[in-house]
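Fold and contact review
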Amino acid sequence: IMPILFTHRHILRATIEFQTPFLVAAGRDNDFADAVFVADANGLPMIPGTSLAGVLRSAMKAYVQDPLQIQRIFGYQQGSDGQGSRLNVSCALIHNAKNKPVEGLQPPIRNDEVLATAQNPLIRDHVRIHHRGAADAASHGKFDEMAVCAGHRFTFELEMVSDGQAQAMQDWETLLQVLRLPYLRIGGKTRRGFGAFKFVRLQQRTFDLRRDFDDYQRHPVELSKPSVVLEELTFQLEKMPFKHIEVRMKPKGYWMIGGGADREDQTGNADMAPFRDMRIVWEQDQGKVQRDIAVIPAASIKGALAHRTAFHYNAMVGNFIEISDDPNKLYEYTGENNPAVQQLFGFSKNESDGRKGRVVIDDIYLAKEPPQQLVHHVGIDR
């Protein structure tokens, strides 16, 4: 058997900017939130290479027809037979306010508001809703997450080794096509608004080490150092057969998607106020923090749509409350157990049984501050 000579190196360096918050969870909580982001030694958010590789592999499974192509790129293990991955994926490093990736141990952050915001983002509160449309307190209905706010930039790198043959070149091109997919998201909670991003800069090159070895040596390993041997790459998002729905709504009265937080401003002191967040904006490669922005979270939109989807599906197929005297039977037709909700919005029964939804919704950041009114209420006892 002739050994395969990996004479080629395919390199892509990418800088992305998140359009919505994202959360690559560390699998633990802290004193402030039930879920926190993965952080580096500086306490700054980072995206592990394993997470990026998992996102790419999952997207490729849904995109390509040939499973052998996935095995060639990402490797496989089947009993005693297997192959290592030919794709190396770096961690994604966050950018500072000067638009430079932060690499290595840093001194205490004092004068960089972009990094300071990344270390201490706002906490997002969530409430699980049961079949009656109220908080599901029995199943820990209230929980919160410390997600990285929108606007932060990250840089990562892909490097694939190959023999330079036509099949390998096609594998690399397919990987670049997967990056073009409009539904690609990073992190968890992607079906309720998290993880949407855009490419700010892409550089790539294929090195034939038999003639390009000197240039390959000049390519820096550090992501914080610019590369003078890579070539700029531009591409449009892949045109896929997806349905895009845009709904324009005008409230007929007061409305609030609340974060449950107190707020004091020119309208007065309120015990509950609409949810607000912050994000990073970039002007001429300088990052600034935009604070106190009114946000309509995708989680709130998804929750309302899923609840009404279950209602209308049950009405259409005749699943009415009179079908059973057993209250527990109602759960078979509501929430994640409802067939229509499962098909559109996904479900998670346990650690091994579940599926992500088909509907993708993003957070809405209101460009203009909406008019506000302090509304007084009186709590009545029994």
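Let us look at the overall build of the chain. When helices and strands are counted, the chain shows seven helices and 18 strands. Contacts in the chain between residues at least 24 apart in sequence constitute 68% of all its contacts with a sequence separation of at least 6. For the chain, the accessible surface area stands at approximately 23,400 Å², while carbon and sulfur atoms represent 51% of it.

The next point concerns the packing of aromatic side chains. Scanning all chains against the criterion turns up six aromatic pairs. Seen from their ring centres, F207 and Y216 are 5.6 Å apart, and the 70 degrees between their planes marks the pair as edge-to-face. Since its relative accessible area comes to 0%, F207 is described here as buried. The exposure class of Y216 is partly exposed, given its relative accessible area of 22%.

Burial runs high along strand β1 (residues 8-18): eleven of the eleven residues are buried. Burial along β1 is two-sided: the residues H8, H10, L12, A14, I16 and F18 and R9, I11, R13, T15 and E17 are all buried. Of the strand pairs in this sheet, β1 and strand β10 (residues 197-208) are connected by eleven bridges, and their pairing is antiparallel. The residue of β10 that forms the bridge with I16 is F199.

Spatially, three strands are ordered β14-β15-β18 in an open sheet, and the strand pairing comes out antiparallel. Both edges of this open sheet fall to β14 (276-283) and β18 (364-365), since each of them pairs with a single strand only. With seven bridges connecting them, β14 and strand β15 (residues 286-296) associate as antiparallel partners. Residue pairing in the sheet places E283 in a bridge with Q286 of β15.

One finds I47 and L158 to be the most contacted residues of the largest nonpolar core, which totals 50 residues. When residues of this core are traced back to their parent elements, those giving at least two are β1, α1 (49-63), α2 (67-74), α3 (113-119), β9 (153-162), α4 (166-179) and β10. With six residues, the top contributor of residues to this core is α1. L158 has contacts with H10, I11, L12, L56, L87, N88, V89, W172, L175 and L179, leaving out every residue within four places of it along the chain. Formed by seven residues, the second largest nonpolar core is a distinct cluster that contains A97, M278, W282 and V289.

Here we come to unusual backbone geometry. In this model, K189 sits at a positive phi of 60 degrees, which is unusual for a non-glycine residue. Looking at the element boundaries, K189 is found in the loop between α4 and β10. What makes K189 partly exposed here is its relative accessible area of 37%. At Q284, a residue that is not glycine, the phi angle is positive and equals roughly 55 degrees. Among the secondary structure elements, Q284 is positioned in the loop between β14 and β15.

Conventions used here
Residues numbered from 1 in each chain as written. Predicted model: local features only at pLDDT ≥ 70, side-chain atom pairs only at ≥ 80, totals over all residues. Heavy atoms only, no water. Helix = DSSP H or I, 4+ residues; strand = E, 2+ residues; numbered from the N terminus. Contact = heavy atoms within 4.5 Å. Areas by Shrake-Rupley, 256 points an atom, 1.4 Å probe, with all protein chains shown as cover. Phe/Tyr/Trp six-rings, centres within 6.5 Å; stacked < 30°, edge-to-face > 60°. Buried < 20%, exposed > 50% of the residue type's maximum accessible area, 1.4 Å probe, protein only. Pairing = 2+ DSSP bridges. Core = buried A, V, L, I, M, F, W, Y, C linked by side-chain atoms within 4.5 Å.

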